[in-house]
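Breakdown of the fold
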Amino acid sequence: MTSGQGGPYGEQGQPDQGGPPQGWNPPPPQQPYGQQPPYGQQPPYGQQPYGQQYPGYGPAPSAPAGHGAPPPMERPTTVRAGIGALVASLLLGLISSIVSFSDVDTIIDQTLETSTDPALTEDVIRSGIVIGAVIGLIIVGVQVLFLWFAWKGHNWARIVLWVLGGITVLFGLVGLAAGGTATTGFLTSLGLFQLLLTAAGLVLLALKPSNDWYRFRRWQRANGQP
């Protein structure tokens, strides 16, 4: 005889062969992906079913394309007008030089009359005029190079133009204050217009739209863009 009633698993304390062990509970049924389990079958605190988001937290936002890149900028009017004014000033300077050197004999005679140095002869003065003309052409070529780089958005070229333009304005004002003979009235007018154009070009290149565009061009070159 056996002592006591046998449970559903056989005799007390002994499970039937092939049955689950004592104390074992079947797992809750699997829910389809993305659905909440029915009430009473929620997972323990701290555990989250696969495929479900934590309450109160949305998906992490993705960074927009091109984040950190400045908006594209066209060459502003201040840069166009500033470079144009400096080019016009350079052309007026060339015209003034051509007019000045067109009458070399008059320049030599005036220099000999005002000079008290016996070593200063006509040949010396003529050689000096030729050397001065060659140096002037070299300076013009260098200025054209700086203007080209400033037009392409190189800030260092803009700084060089500021320095050269400031020197030109300074010496131009000194020359206008010194005055000249009656035959230099046309050259004086050219010099005055040249100074005004130079000053206008330097101011235009220093305005905020010009500064923003040069910073944008520097960012482009730093990122390998032409």
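Residues numbered from 1 in each chain as written. Predicted model: local features only at pLDDT ≥ 70, side-chain atom pairs only at ≥ 80, totals over all residues. Heavy atoms only, no water.

1. Structural notes on the overall build of the chain
The helix and strand tally for the chain stands at 6 helices and 0 strands. N-terminal to C-terminal, the α/β element order of the chain is α-α-α-α-α-α. Residues classed as buried in the chain amount to 20% of the 226 residues present. Within the chain, contacts between residues separated by at least 24 positions form 61% of all contacts whose residues are at least 6 apart in sequence. Accessible surface, the chain as shown: approximately 16400 Å² in total, 64% of it carbon and sulfur. (Helix = DSSP H or I, 4+ residues; strand = E, 2+ residues; numbered from the N terminus. Buried < 20%, exposed > 50% of the residue type's maximum accessible area, 1.4 Å probe, protein only. Contact = heavy atoms within 4.5 Å. Areas by Shrake-Rupley, 256 points an atom, 1.4 Å probe, with all protein chains shown as cover.)

2. Focus on the packing of aromatic side chains
What the rule picks out here adds up to 4 aromatic pairs. Ring geometry for Phe146 and Trp156: centres 6.1 Å apart, planes at 90°, overall edge-to-face. On the criterion of sequence distance, the pair formed by Phe146 in helix α3 (residues 122-151) and Trp156 in helix α4 (residues 155-178) is long-range, its members being 10 residues apart. On the basis of relative accessible area, Phe146 is assigned to the buried category, the value being 17%. Judged by its relative accessible area of 42%, Trp156 falls in the partly exposed class. Ring plane angle 45° and centroid distance 5.2 Å describe the contact between Phe149 and Trp156, whose orientation is recorded as tilted. Clustering of aromatic rings is evident, with ring pairs tying together Phe146, Phe149 and Trp156. If you follow Arg75 out to its NZ or CZ, it ends over the ring of Trp151, 4.1 Å from the centre. Cation over ring: Arg158 sits above Tyr214, and NZ or CZ is 4.4 Å from the ring centre. (Phe/Tyr/Trp six-rings, centres within 6.5 Å; stacked < 30°, edge-to-face > 60°. Lys NZ or Arg CZ within 6 Å of the ring centre and 35° of its normal.)

3. Overview of the UniProt feature "transmembrane region" (unreviewed entry) in the chain
The feature "transmembrane region" (unreviewed entry), as given by UniProt, occupies residues 83-104, 124-147, 159-180 and 186-207 in the numbering adopted here. For residues 83-104, helix accounts for 91% and strand for 0%, while the C-alpha atoms at its two ends are 32 Å apart. Measuring from the first to the last C-alpha atom of residues 186-207 gives 32 Å, for a span that is 91% helix and 0% strand. (UniProt positions renumbered as here; feature names shortened; annotations may be inferred.)

4. Quick notes on helix α5 (residues 185-205)
With 21 residues, α5 ought to run about 30 Å at 1.5 Å a step, and its terminal C-alpha atoms sit 31 Å apart, in line with that. Those residues of α5 lying buried are Leu187, Leu190, Gly191, Gln194, Leu195, Thr198, Gly201, Leu202 and Leu205. Taken around the axis of α5, the buried residues stretch over an arc of 140°, which confines them to a single face. Residues of α5 that are exposed and point more than 90 degrees away from the buried face comprise Phe186, Phe193, Leu196 and Val203. Turning to α5, the residues buried within the fold contact α1 (77-101), α4 and α6 (208-222). (Expected span 1.5 Å × (residues − 1). Arc of directions from axis to C-beta.)

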